[in-house]
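Structure at a glance
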Amino acid sequence: MNGTGRGCGRGGTALPAGVHPLVSALMFSAGLLGNLLALGLLLHGRRGHRQRPPALFHVLVLALVVTDLLGTCSVSPFVLASYHHNLTLNALARGGHICLYFGFAMSFFGLATMLILFTMALERCLALGQPYFYERFLSPRTGLVALPTIYTFSAAFCSLPLVGFGRYVQYCPGTWCFIQMHLDNHHGGREAAGLNVTFSLLYATLLLFLILAVLLCNLSVIVNLARMHRRGQRTRRMATLEQPRAASGCGRRMFSMAEEIDHLLLLSIMTITFVICSLPFTIRAYMNKFSKEEGHDWDLLALRFLSINSIIDPWVFAILRPPVLRLLRSVLCCQVTPTTLDSRTASPAKAKLAARLEPCGQ
């Protein structure tokens, strides 16, 4: 249960010679600035839509940014304090309480972030795949139920090492604490060491399951968008050639599809970043289960990748503003369309209407 160190951090209280706080300081600065920027953009975007309640997807995006911000601010100051005092996290306070807190915070915010991302992907999947169920049972208020559930589950799951199932330990160079991933027969015997490693495998497996679930939800969204696009092509062709004046409803549907594509692009890029950031830890957890060699450098690299996710997410949102999303949409799905081909032979008025109804041109 306690946060004692292992490996390079077991015998001393001072940090190893030659370690520098530059990487940690840059990570903290980038995470803090990115999350504050993303939060400001979200709140500023709501000023023009005060009369309209926020969509559930936007509520979840806001929750993701706030969670990343809290995660960055809750652990990074202790890393900088460790470098400033030239002391390991265990040495900063008696009893290893800071190490326990650090390990719990890292695992909690990492799991909560992935659960929110999964909820975002599931929300988009239901919105397109089960529209009647979505309209009847889901609303922005659903986020007020889903988010406390996510935080409660994450807190309960990550508290298991505090009650004996699993263990938070210090990692080299003494500025990181996280779930124990190696067998350590010196602490509590072989049976306790096996339980500690089992928890790390359970955590890694849960992350892997969430990654696969998000990918499946995104794949379902892509399939549904492709069906919408094919139906929209037929609708636009009929509206352009037969009833130009009756196409306002079609235009609203095309705008809705363009918005769905924007959500998919944002969600897909955030999913890719999480996969890249989470897989190193997942791989290391399984490798350490079956390997007796302790690769401290690889463990540190995996933990840094895991913590980088909360830094990248807000910058993805800040960079992918509507103009950038429109550009990506036009590149991905509007190189050649039947509407464009039809507009070559249609009248100028009909061609203009077809361009207006094209979802990638919104």
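Keep in mind that this is a model prediction, so the values were computed, not measured. (Residues numbered from 1 in each chain as written. Predicted model: local features only at pLDDT ≥ 70, side-chain atom pairs only at ≥ 80, totals over all residues. Heavy atoms only, no water.)

All right, on to the overall build of the protein then. Along the backbone of the protein there are 12 helices and two strands. Shown N-terminal to C-terminal, the secondary structure of the protein runs as helices and strands in the order α-α-α-α-α-α-β-β-α-α-α-α-α-α. Of the contacts formed within the protein by residues at least 6 apart in sequence, a portion of 83% connects residues at least 24 apart. Element-wise, carbon and sulfur atoms account for 66% of the exposed surface of the protein, whose accessible area totals about 18200 Å². (Helix = DSSP H or I, 4+ residues; strand = E, 2+ residues; numbered from the N terminus. Contact = heavy atoms within 4.5 Å. Areas by Shrake-Rupley, 256 points an atom, 1.4 Å probe, with all protein chains shown as cover.)

Here the structure, examined in full by the defined rule, presents one salt bridge. In this structure, Arg-124 engages Glu-123 in a salt bridge whose closest nitrogen and oxygen atoms are separated by 2.7 Å. With respect to burial, Arg-124 and Glu-123 carry one shared label: buried. (Salt bridge = Lys/Arg side-chain N within 4 Å of Asp/Glu carboxyl O. Buried < 20%, exposed > 50% of the residue type's maximum accessible area, 1.4 Å probe, protein only.)

This paragraph deals with the pairing of strand 2 (residues 176–179). Bridging between strand 1 (residues 168–171) and strand 2 involves four bridges; their strand directions are antiparallel. The residue of strand 2 that forms the bridge with Val-169 is Phe-178. Hairpin connection from strand 1 to strand 2: four residues lie between these consecutive antiparallel strands, with Gly-174 at a positive phi of about 105°. (Pairing = 2+ DSSP bridges.)

Let us look at the packing of helix 2 (residues 56–85) against helix 4 (residues 97–129). In the contact formed by helix 2 and helix 4, the axes pass within 10 Å of each other and the chain directions differ by 165°. Overall, the two elements helix 2 and helix 4 adopt an arrangement that is roughly antiparallel. Helix-helix and strand crossings are classified by hand; for helix 2 and helix 4 the assignment is left-handed. For the contact of helix 2 with helix 4, a count of residues per class yields 19 nonpolar, five polar and three charged. (Axes fitted to C-alpha atoms, helices over the stretch in contact; angles between N-to-C directions. Parallel < 35°, antiparallel > 145°, perpendicular 65-115°, else oblique. Left-handed = near helix turned anticlockwise from the far one by under 90°. Nonpolar A, V, L, I, M, F, W, Y, C, P; charged D, E, K, R; others polar.)

Viewed as axis vectors pointing N to C, helix 4 and helix 6 (residues 140–158) meet at an angle of 145°, and their least axial separation amounts to 9 Å. Viewed along their axes, helix 4 and helix 6 form a crossing whose handedness is right-handed. Of helix 6, the residues touching helix 4 (which contributes Phe-104, Ser-107, Phe-108, Leu-111, Ala-112, Leu-115, Ile-116 and Thr-119) are Leu-147, Ile-150, Tyr-151, Phe-153, Ser-154, Ala-155, Phe-157 and Cys-158. Looking at the contact of helix 4 with helix 6 residue by residue, the classes come out as 13 nonpolar, three polar and no charged.

In this section: the nonpolar core. Formed by 77 residues in total, the largest nonpolar core has its most connected members in Leu-111, Met-120, Phe-178 and Tyr-203. Examining the composition of this core, we find that 19 residues originate from one element, helix 4, more than from any other. Sequence-distant contacts of Leu-111, defined by excluding residues within four places in its chain, comprise Phe-153, Ser-154, Phe-157, Cys-158, Tyr-203, Leu-206, Leu-207 and Leu-210. (Core = buried A, V, L, I, M, F, W, Y, C linked by side-chain atoms within 4.5 Å.)

Looking now at the packing of aromatic side chains. Overall, the coordinates contain 12 aromatic pairs when judged by the stated rule. Aromatic side chains Phe-153 and Phe-157 sit 6.0 Å apart centroid to centroid with 25° between the ring planes, which places their arrangement in the stacked category. Of this pair, Phe-153 and Phe-157 both sit in helix 6, separated by four residues, roughly a single helical turn. Classification of Phe-157 by relative accessible area gives buried; the value is 10%. Through pairs of rings, three or more aromatic residues link up here, namely Phe-153, Phe-157, Phe-165, Phe-178, Phe-199, Tyr-203 and Phe-281. (Phe/Tyr/Trp six-rings, centres within 6.5 Å; stacked < 30°, edge-to-face > 60°.)

All right, on to unusual backbone geometry then. A positive phi is found at Asn-86, a non-glycine position, where the angle reads about 55°. Its place among the elements puts Asn-86 in the loop between helix 2 and helix 3 (89–92).

Inspection of the secondary structure puts Ser-82 in helix 2. A residue is classified by how much of its surface remains accessible, and Ser-82, at 0% relative accessible area, is buried. There is a polar contact of 2.3 Å between the side chain of Ser-82 and the backbone oxygen of Leu-87. Contacts of Ser-82, omitting those with residues within four sequence positions, involve Leu-15, Leu-87, Thr-88, Leu-89, Leu-92, Gly-174 and Thr-175. (Polar contact = N/O pair within 3.5 Å; in protein donor to acceptor, adjacent residues only side chain to side chain.)

Turning our eyes to something else, we now look at the environment of Lys-289. Structurally, Lys-289 can be placed in helix 8 (residues 248–290). With 107 residues separating them along the chain, Lys-289 and His-182 place their C-alpha atoms 6.5 Å apart. If we skip the residues at most four places from it in the chain, Lys-289 touches Met-181, Val-197 and Leu-201.

Before going further, it helps to examine the state of the cysteines. Counted by the stated rule, this structure contains one disulfide. In this model Cys-99 forms its disulfide with Cys-177; the gap between the sulfur atoms is 2.0 Å. The S-S bond linking Cys-99 to Cys-177 shows a torsion near -115°; that makes this disulfide left-handed. Linking Cys-99 in helix 4 with Cys-177 in strand 2, this pair joins segments that are 78 residues apart in sequence. Just as Cys-99 is buried, Cys-177 falls in that class too. (Disulfide = S-S within 2.5 Å.)

Turning our eyes to something else, we now look at a nonpolar patch on the surface. On the surface, Leu-43, Leu-62, Val-66 and Leu-70 cluster together into a nonpolar patch covering about 320 Å² of accessible area. The biggest single contributor to the nonpolar patch is helix 2, with three residues. Take Leu-43: it is sitting in helix 1 (residues 22–47). (Patch = residues over 30% accessible without salt bridge, like charges linked within 9 Å, V, L, I, M, F, W, Y side chains within 5 Å.)

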